[in-house]
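# An overview of the molecular structure
Spelled out from the first residue to the last, the chains are:
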Amino acid sequence: METQRDYHALLRGMLSEKRYRHSLAVSARAGELALLHGIDREKAALAGLLHDACKELPGEKQLEIIEKHGIVLEERLFCQKAFLYPNVLHQISAPCFVAEELGIHDPEILSPIRWHATGRPAMTREEMVLYAADLTSEDRGYSDVADYRALANRDLEEMMFQSLRFVVGDLARRQEGVCPDTLFAYNYYWAKKKFGEGLRRESFSW
């Protein structure tokens, strides 16, 4: 798989029409944000296109892809052999798939895909751009999306803090589990906002 045509054909075979259209929208938005924040536009757009490649695969298939890639997930992420946070499993399986099946090994493409759903402490600009693109793509229609779009255009780190603050609170209100990576990311950006620079990523993860 080496051409954009190949990638689109692949995704059409793996995703529903709605998810495929979302991937196109995220790719376009990632390209816009890349120009605003001084990173490689083509890489950002490709990461956006492929970020949900495994989203609609069964969990068991995603775990097979992850295992094939040599990643051993921590036991704390499972309960009775079921992955505790199924909505974010694709951010682990997708970069494995992209590396193994598409032969893409560029960390500026793989790492944004790896963290686009949960975030993580001390994200790179490439990672924040994809996170923001997924949150603010043209197909998103939640009530305050325009505010998040403007914030992402202006300040990626503030966008991370505000969006993670909402996600953690919303999941808690709905009495759903919060993936540890999301909590670590929130704590990092909260602490950076409160105390400034000098934070170590390792202080906000297990």
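One structure accompanies this document, and this report is about it. (Residues numbered from 1 in each chain as written. Predicted model: local features only at pLDDT ≥ 70, side-chain atom pairs only at ≥ 80, totals over all residues. Heavy atoms only, no water.)

### Looking at helix α8 (residues 145-154)
Taken together, the buried positions of α8 are occupied by Val145, Tyr148, Leu151 and Ala152. Projected onto a plane normal to the axis of α8, the buried residues spread over an arc of 125 degrees and lie on a single side. Of the exposed residues in α8, those oriented more than 90 degrees away from the buried face are Ala146, Asp147 and Arg154. On its buried face, α8 is in contact with α2 (17-37), α7 (125-136) and α9 (156-173). (Buried < 20%, exposed > 50% of the residue type's maximum accessible area, 1.4 Å probe, protein only. Helix = DSSP H or I, 4+ residues; strand = E, 2+ residues; numbered from the N terminus. Arc of directions from axis to C-beta. Contact = heavy atoms within 4.5 Å.)

### Quick look at the nonpolar core
In terms of nonpolar packing, the biggest core is built from 58 residues, with Leu50, Phe83, Ile104, Ile113, Met159, Met160 and Tyr189 touching the most fellow members. The dominant element in this core, judged by the number of residues it contributes, is helix α5 (residues 90-102), at 7 residues. If near-sequence neighbours (up to four positions away) are discounted, Met160 is found in contact with Gly119, Met123, Met128, Tyr131 and Tyr189. (Core = buried A, V, L, I, M, F, W, Y, C linked by side-chain atoms within 4.5 Å.)

### Looking at the packing of aromatic side chains
This model, assessed by the stated rule, comprises 7 aromatic pairs. Both rings, one in Tyr142 and one in Tyr148, keep their centres 6.1 Å apart while their planes meet at 65 degrees; by these two values the pair is edge-to-face. With relative accessibility at 27%, the residue Tyr142 sits in the partly exposed group. Through successive ring pairs, a cluster of aromatic residues spans Phe78, Phe83 and Tyr85. The ring of Trp115 carries the charged tip of Arg114 above its face, separated from the ring centre by 4.0 Å. (Phe/Tyr/Trp six-rings, centres within 6.5 Å; stacked < 30°, edge-to-face > 60°. Lys NZ or Arg CZ within 6 Å of the ring centre and 35° of its normal.)

### Considerations on helix α10 (residues 180-195)
Under the 1.5 Å per step criterion, the end-to-end length of α10 is 22 Å for 16 residues, consistent within 8% with the ideal 22 Å. Where α10 is buried, its residues touch α5, α6 (107-115), α7 and α9. At the exit of α10 stands Gly196, carrying a positive phi of roughly 90 degrees. (Expected span 1.5 Å × (residues − 1).)

### Topic: the packing of α7 against α9
One can describe the packing of α7 onto α9 by two numbers: an axis separation of 10 Å at closest approach and a directional angle of 50 degrees. In this view, α7 runs oblique relative to α9, as classed from their interaxial angle. Seen from above, α7 lies across α9 with left-handed handedness. In this structure, α7 contributes Arg125, Met128, Val129, Tyr131, Ala132 and Leu135 to the contact, and α9 contributes Leu156, Glu157, Met159, Met160, Ser163, Leu164 and Val167. The residue makeup of the contact of α7 with α9, split by class, is 10 nonpolar, 1 polar and 2 charged. (Axes fitted to C-alpha atoms, helices over the stretch in contact; angles between N-to-C directions. Parallel < 35°, antiparallel > 145°, perpendicular 65-115°, else oblique. Left-handed = near helix turned anticlockwise from the far one by under 90°. Nonpolar A, V, L, I, M, F, W, Y, C, P; charged D, E, K, R; others polar.)

### Focus: the environment of Glu108
Among the structural elements, Glu108 can be located in helix α6. By relative accessible area, which is 33% here, Glu108 ends up partly exposed. With 82 residues separating them in the primary sequence, Glu108 and Trp190 have C-alpha atoms 25 Å apart. Residues contacting Glu108, with those up to four places away along its chain left out, are Lys43 and Glu126. A polar atom in the side chain of Glu108 sits 3.1 Å from the side chain of Lys43. (Polar contact = N/O pair within 3.5 Å; in protein donor to acceptor, adjacent residues only side chain to side chain.)

### Section: the environment of Cys179
Within the fold, Cys179 resides in the loop between α9 and α10. Along the backbone, Cys179 and Arg114 are 65 residues apart, and their C-alpha atoms lie at a distance of 14 Å. Apart from residues lying up to four places away in sequence, Cys179 is in contact with Tyr85, Val88 and Thr118.

Don't take any of this as a statement about function, it's just geometry.
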